[in-house]
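Chain by chain, the residues run as shown.
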Amino acid sequence: MDAGAASSRVAELRAQIEQANHRYFVLDAPEVDDATYDGWMRELRTLEEQHPDLRAPDSPTARVGAPPAGRFAPVRHEVPLRSLDNAFGADELRAWDARIRRLLRTEAPRYLCELKIDGLSVALRYDGGHLVQGATRGDGLVGEDVTDNLRAVAAVPAELRGAPVHLVVRGEIYLPRSAFAVLNAAQLAAGEAAFANPRNAAAGSLRAKDPEVPAGRGLRLWCYEVLAGPELDQGDALEQMEAWGLPVNPERARCHGVEEAVTWCEGWRERRLQLDYATDGLVVKVDAAAGRRALGATSHAPRWAVAFKFPAEAGRTRVREIWVSVGRSGVLTPIAELEPLALCGVTVSRASLHNADYVQAKDVRVGDAVTVRRAGEVIPEVIAVDHGAREGDPPAFEMPQACPACGGPVRRLPGEAAHRCANPACPAQVLGLLVHYGGRAAMDIEGLGERTARLLLERGLVRDPADLYGMTVEQLRDLPRLGERSAANLVRAVAASRERPLHRLLVALGIRFVGERVARILAEHFGSLEAIAAASEEELRAVPDIGPRIATAIGAYLADPDNAALVLRLRAAGVRLADPEPARRAAADPGPAAPRALEGQTVVLTGSLLGWTREEAKAVVEAAGGHVTGSVSARTDLVVAGENAGQKLEKARALASGSWTRRGCATCCGRPTA
Ligand code: AMP
Ligand code: ZN
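Caption draft 1: How the structure looks around the coordination of the zinc ion (ligand 2). Taken together, C403 (SG), C406 (SG), C421 (SG) and C426 (SG) make up the protein donors of the zinc ion (ligand 2), found 2.2 to 2.4 Å from the metal. One way to put it: the four donor atoms around the zinc ion (ligand 2) meet at angles of 100 to 116°, and that makes the site tetrahedral. Sequence spacing among the residues donating to the zinc ion (ligand 2) works out to C-x2-C-x14-C-x4-C. Residue C406 is located in the loop between β16 (381-386) and β17 (410-412), and its partner C421 is located in strand β18 (residues 419-421); the two are separated by 15 residues in the primary sequence. For C406, a relative accessible area of 27% puts it in the partly exposed group.

Set out below in structure tokens:
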């Protein structure tokens, strides 16, 4: 590239990166993925190396202090920051209460009711009364270290009075509505984009690169849980936090029995709109510490708390048609096509009827007038049918006996609400699995959307995810609307997915109940798909947060010969089924890095390293601080020689008058290679 071209490319890259930073840090609405961003940074760095005159102190590459790629360091939470289950309206709250009473064997449990602040959850760690760490929730297990930014927020106490030596509290960072109005006015005056809502503004401010940003925005904090510290009844914990000097929302109530809680919650329906901060419901918690301990939590949410939500907007419309969709696990779901209606600002024309029992219980038929509800992000559902308004006598809905996608047999397992297509080769299932496999939380294969996946299936290029790895550009480029370039991109994206971490593969396989969180837990605990397959259900259940339901689902998945065959085919296609050992440890403990065994050492890999690909071994060495080179020289510190090591080992032996070689990878990971 000549100097002129380099100069304009550098300017272009800097502008793109600045824009991406702004969207990520300020608007909290990133538009490019991390890989693209990292690619830009790499290209910019290379150009600046090749053309030193283009370097600039304000280039994104020159900024000091920002972690790689401008992201925050990961923090493993001492106690997971869980989500909350929802209860929409009084009846669902009563149903939740009935379960609590049954589990705790009490007549009228004491509940502590709080407002549910619509902000950003953070964990604050105080050691000896000093704020030492603040982290965002992240995925609940690992968050981002935003200590400096939180320290800059005046509402977050830096020191506590009389707090225990080690204390972790959870709270919500939020931006008052009044401060939000001021901020947006200032944004507009400065020619910047306005924030969509106070929550986005708070999130963007808290994750700004520069602590001056959150400092100046008027962020506030309400604390509501002691995560690590004395075990207290919830009401006492709130009082205790106040006494230590933490801000705690004064709007709360101790209620005896569910009816008091219902009354308190209902009382906020209109009142909450007058508060200077946004709430998205209320939270009802079991007050007694012993009760909370007995109830415990699922991997998703505590059993001792529930979010009370005001029933979402509902509306009346008419059912045009009922059809059946087939999902990736073969489940048949009846779907109501509706006359479009507006709910919560979006047009709804389809609602889930869940399963055959549901349709039967509600007795929904084509032409019926129905009430449809849409709550938050969930799929709209039909909650009531106006049978009095039915005209004529439309036939009752019946689950088809043959799969609508493949004509295969439909079965219903005892104890299950769902009907399933029993044909593992069902195109609807395969399509669902392919799209899921390439999804963002799974193997993240860009370009493998529903349309392309359908095309690949129709042309017989792919029958399951393992086939993806055999596709060539030649096969793909003539497919309609694909073209040479997209074909090459798709093949590249598929190839790159071979190296994804284990938890992504676990998500990609589509095992029931194994979502991102559970997958991470499994990957961290077992390290390889092999180890998971070898574990008994008891061993799976012994892993924190893995319940019997999940353990059974994993067992059932791997016991299925088709699934086992898929895993073998993926392995044969070069897909990584295990995380490298140090990467695992690093993932499990992103805290201060352990001394690295190969820091500064130059390592040569040679021969076939049994059970390891060259890439894996390289990653292991690099994670341990070493540097892998291709050829042996006097500067080589270590040669890892596997089976059939040839010349390189000979050369190393010759050079190693005072040095040594080793069979196996004993230095960095202890795992023998041959
Ligand atoms: P959701 O985001 O819908 O899963 O709801 C769970 C979130 O509610 C948690 O992540 C908390 O950040 C938030 N939250 C707000 N106020 C409270 C509160 N008083 N008690 C518990 N959680 C709360
Ligand atoms: Zn089918």
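Moving on, there is more to tell.
Caption draft 2: Representation of the sheet that holds strand β9 (residues 252-256). Strand order in the open sheet formed by five strands is β2-β11-β10-β3-β9, and the pairing between neighbours is mixed. Both outer strands of the open sheet, β2 (86-88) and β9, are each paired with one neighbouring strand and no more. Here the strands of the sheet are splayed against their neighbours by 30° on average, with no regard to which way each runs. Bridge count for β2 against strand β11 (residues 305-309) is three bridges, and the pairing is parallel. Bridge pairing in β11 links A87 to F308. Most of the contacts of helix α9 (residues 258-266) go to β9, to which it runs at about 150°, and overall it touches β3 (110-117), β9, β10 (279-286) and β11.

Caption draft 3: Focus on the pairing of β10. In terms of burial, β10 is largely enclosed, as seven of its eight residues are buried. Alignment of β10 against β11, held across four bridges, turns out to be antiparallel. By the bridge assignment, V284 is partnered in β11 with V306.

Caption draft 4: Region of interest: the nonpolar core. Membership of the largest hydrophobic core comes to 55 residues, with the highest contact counts inside it found for Y437, L468 and L522. Leave out the neighbours within four places in its chain, and L468 touches L434, Y437, I445, L448, L456, V462 and V494. Residues L131, A179, A237 and W244 belong to the second largest nonpolar core, which totals 35 residues.

Caption draft 5: Structural detail: the pairing of strand β12 (residues 314-326). The pairing of β12 with strand β15 (residues 369-373) spans five bridges and is antiparallel. Directly across from R318, in β15, lies its bridge partner A369. Where β12 meets strand β13 (residues 331-343), seven bridges bridge the pair, whose relative direction is antiparallel. Looking at the pairing, I322 lines up with A336 of β13.

Caption draft 6: The arrangement of the state of the cysteines in detail. Applying the stated criterion across every chain yields a total of zero disulfides. We note that C255 lacks a disulfide partner, and the nearest cysteine sulfur, in C113, lies 3.8 Å from it. Note on C255: relative accessible area 3%, which makes it buried.

Caption draft 7: Looking closely at helix α14 (residues 450-458). For α14, the complete set of buried residues consists of T452, A453, L455 and L456. End-on, the buried residues of α14 take up no more than an arc of 160°, which puts them together on one face. For α14, the secondary structure elements touched by its buried residues are α13 (427-437), α15 (465-468), α16 (473-476) and α17 (483-496). A positive backbone phi angle near 70° is found at G460, which sits one or two residues after α14.

Caption draft 8: Summary view of the site of ligand 1. Surveying the vicinity of ligand 1 reveals 13 residues, the closest of which are S83, E114, R137, R170 and E172. Surface burial for ligand 1 is 85%, taken as the share of its 490 Å² of free accessible area covered by protein chains. Those elements giving two or more residues to the shell around ligand 1 turn out to be β3, β7 (166-174) and β10. Residue composition of the shell around ligand 1, by class: five nonpolar, two polar and six charged.

Caption draft 9: Main features of the packing of aromatic side chains. Inspection of the entire model under this criterion finds five aromatic pairs. Taken together, a centroid distance of 6.0 Å and an interplanar angle of 25° make the contact between Y174 and W222 stacked. Of this pair, Y174 sits in strand β7 while W222 sits in strand β8 (residues 220-228), and the two are 48 residues apart along the sequence. A relative accessible area of 4% places Y174 in the buried class. The exposure class assigned to W222 is buried, which follows from its relative accessible area of 15%. Chaining the aromatic ring pairs together yields one cluster made of Y174, W222 and Y277. If you follow R271 out to its NZ or CZ, it ends over the ring of W268, 3.9 Å from the centre.

Caption draft 10: Structural view of the pattern of salt bridges. Under the criterion given, the structure shown has 41 salt bridges. Residues E242 and R252 are paired through a salt bridge, measuring 3.2 Å at the closest nitrogen-oxygen approach. Here E242, found in helix α8 (residues 234-244), pairs with R252, found in strand β9; they are 10 residues apart in sequence, far enough to count as distant. E242 gets classed as partly exposed once you look at its relative accessible area, which sits at 33%. Its relative accessible area of 24% is what places R252 among the partly exposed residues. One salt bridge in this structure joins R350 and E337, with 2.6 Å as the shortest N-O distance. Taken together, the residues span a long stretch of sequence, with R350 in strand β14 (residues 346-352) and E337 in strand β13 at a distance of 13 residues. R350 gets classed as partly exposed once you look at its relative accessible area, which sits at 45%.

Caption draft 11: Expanded view of helix α19 (residues 516-526). Within α19 the residues assigned to the buried category are R517, V518, A519, I521, L522, A523 and F526. Looking one or two residues beyond α19, the residue adopting positive phi is G527, at roughly 80°.

Definitions and cut-offs
Residues numbered from 1 in each chain as written. Chains lettered and ligands numbered in written order. Predicted model: local features only at pLDDT ≥ 70, side-chain atom pairs only at ≥ 80, totals over all residues. Heavy atoms only, no water. Donors = N, O, S within 2.8 Å, 3.2 Å for Na, K, Ca; no water. Tetrahedral: all angles 85-135°; square planar, octahedral: opposite > 155°, others 65-115°. Helix = DSSP H or I, 4+ residues; strand = E, 2+ residues; numbered from the N terminus. Buried < 20%, exposed > 50% of the residue type's maximum accessible area, 1.4 Å probe, protein only. Pairing = 2+ DSSP bridges. Axes fitted to C-alpha atoms, helices over the stretch in contact; angles between N-to-C directions. Contact = heavy atoms within 4.5 Å. Core = buried A, V, L, I, M, F, W, Y, C linked by side-chain atoms within 4.5 Å. Disulfide = S-S within 2.5 Å. Arc of directions from axis to C-beta. Near = heavy atom within 4 Å. Areas by Shrake-Rupley, 256 points an atom, 1.4 Å probe, with all protein chains shown as cover. Nonpolar A, V, L, I, M, F, W, Y, C, P; charged D, E, K, R; others polar. Phe/Tyr/Trp six-rings, centres within 6.5 Å; stacked < 30°, edge-to-face > 60°. Lys NZ or Arg CZ within 6 Å of the ring centre and 35° of its normal. Salt bridge = Lys/Arg side-chain N within 4 Å of Asp/Glu carboxyl O.

The analysis is restricted to geometry; functional conclusions fall outside its scope.
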